[in-house]
There are 2 protein chains.
Amino acid sequence: MFYPNGIIKSKSNFIQYGNRGMNLENDINDTNKYYLETDVAIIHKKPTSITISKVDYKSRYDAVIKEAYFKTPSTTDYNGIYKGKYIDFEAKETKLDYFPLRNIHEHQIKHLFNIVKHGGIGFLIVRFTKFNKTYFLSVDQLKKFLDNNKRKSITLDFFDTHGYILKESLRPRIDYLKIIDKLYFGGTNEKEN
Amino acid sequence: MFYPNGIIKSKSNFIQYGNRGMNLENDINDTNKYYLETDVAIIHKKPTSITISKVDYKSRYDAVIKEAYFKTPSTTDYNGIYKGKYIDFEAKETKLDYFPLRNIHEHQIKHLFNIVKHGGIGFLIVRFTKFNKTYFLSVDQLKKFLDNNKRKSITLDFFDTHGYILKESLRPRIDYLKIIDKLYFGGTNEKEN
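The rules we used
- Residues numbered from 1 in each chain as written.
- Chains lettered and ligands numbered in written order.
- Predicted model: local features only at pLDDT ≥ 70, side-chain atom pairs only at ≥ 80, totals over all residues.
- Heavy atoms only, no water.
- Helix = DSSP H or I, 4+ residues; strand = E, 2+ residues; numbered from the N terminus.
- Buried < 20%, exposed > 50% of the residue type's maximum accessible area, 1.4 Å probe, protein only.
- Contact = heavy atoms within 4.5 Å.
- Areas by Shrake-Rupley, 256 points an atom, 1.4 Å probe, with all protein chains shown as cover.
- Axes fitted to C-alpha atoms, helices over the stretch in contact; angles between N-to-C directions.
- Parallel < 35°, antiparallel > 145°, perpendicular 65-115°, else oblique.
- Left-handed = near helix turned anticlockwise from the far one by under 90°.
- Buried area = accessible area lost by both parts, 1.4 Å probe.
- Salt bridge = Lys/Arg side-chain N within 4 Å of Asp/Glu carboxyl O.
- Polar contact = N/O pair within 3.5 Å; in protein donor to acceptor, adjacent residues only side chain to side chain.
- Nonpolar A, V, L, I, M, F, W, Y, C, P; charged D, E, K, R; others polar.
- Pairing = 2+ DSSP bridges.

Caption draft 1: The overall build of chain A, seen in detail. The number of helices and strands found in chain A is five helices and 10 strands. Of all 193 residues assigned to chain A, the portion counted as buried reaches 49%. Pairs at least 24 residues apart make up 61% of the contacts formed inside chain A by residues separated by at least 6 positions. Counting only carbon and sulfur atoms, one obtains 50% of the accessible surface of chain A, whose full area is about 9500 Å².

Structure follows, in structure tokens:
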């Protein structure tokens, strides 16, 4: 799915004929499902933002959307609650050696900053498909980067230094709440000492 | 818009030719916009849940959805953060003298119970269009009703006794956070004493 600004979104809402391998979105949805089933957290992906322009009402109970357009989302894709705290994040994959900032809309970054200001927990999950590495990056670290850099991309090295590797496992597939425990609920935190 | 189970959803995502008067959804969106602009809270409506089955990629940057279906939403329509707390609610209008429980999906009710269990604030906003009355009903009161009643609808009288009237004003249009202040942030609360 191509968005107006060229961001490639994962296609899990679509009928997939080819590649049925797990992408980041599927991994996160699976992880969230696990969190929900084990009563750990309630975190959901928001539906794709669209503008509907034509609907065919075949019958009272059977409506088909005949024309609709993808819309720039006004917030991030994922939010929910964990240990009483509001959780909000965006997840992105890149095929490149670095993470281009144009992959996140500016208002999504503003939204994340705003969430943290209001007492929520905000972060990014970024996967470098080429290296098969997935990182958790807190909004605080993202802010530090943006405050101190004019670069339009974040290096893998920055993620290695200021982010946290999310190892893949079977269940949950990527246990990002473990990092949140570390950072926000008094777990040990080697990086921030 | 008619959903499979006959729930009438408001049409604000559609091009509206006739009635452009304010409905509950518009009132809430306006209120949330006000909260956002005045830096009081970050609360958004989720996009409509759909399943996309056909997309026409005219060009790389110009995709048109040609076939999609409305999907039963897995959560409520609204969530966000207020004073550090996770907020989650569903809003419904009824033309009847009472509020039919079939207007809310069972899993949405379960979701709201679950939110409260995890430390969030959950509630319903229900408008009786016939009487031009809008109520805030906490999940706790909803739960009490469901635990003690076999009725398939909630009377206006129940809302009068156990809910809170949301008066309409210019800005914000319906100040539901005022009730949350009362109930959760140590404001006076005549009804729950």
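Caption draft 2: Here's a closer look at the packing of helix H2 (residues 106-117) of chain B against helix H3 (residues 139-148) of chain B. Residue and element names in this part refer to chain B. H3 packs onto H2 with a crossing angle of 125° between their chain directions and a minimal axis gap of 10 Å. The orientation of H2 with respect to H3, classified from their angle, is oblique. When you trace H2 past H3, the crossing you get is left-handed. Here H2 contributes Ile109, Leu112, Phe113 and Val116 to the contact with H3, which in turn contributes Val139, Asp140, Leu142, Lys143 and Leu146.

Caption draft 3: Geometry of the interface of chain B and chain A. Facing the 48 residues of chain B at the interface are 49 residues of chain A. In total, chain B and chain A occlude about 4300 Å² of area from one another, counting both sides; carbon and sulfur atoms represent 62% of this. The interface formed by chain B and chain A holds two salt bridges in total. In this structure, the salt-bridge partner of Lys117 of chain B is Asp39 of chain A, at a minimum N-O distance of 2.5 Å. For the interface between chain B and chain A, the tally reads nine residue pairs in polar contact (both at pLDDT 80 or more). Mapped onto the side of chain B that touches chain A, the elements with two or more residues apiece are strand E1 (41-45), strand E2 (50-59), strand E3 (62-70), strand E4 (78-82) and H2 of chain B. When its residues are assigned to classes, the side of chain B that touches chain A shows 25 nonpolar, 16 polar and seven charged. Note: strand E3 (residues 62-70) of chain A against E3 of chain B, four bridges, orientation antiparallel.

Everything listed here is a matter of geometry and, on its own, says nothing about what the molecule does.
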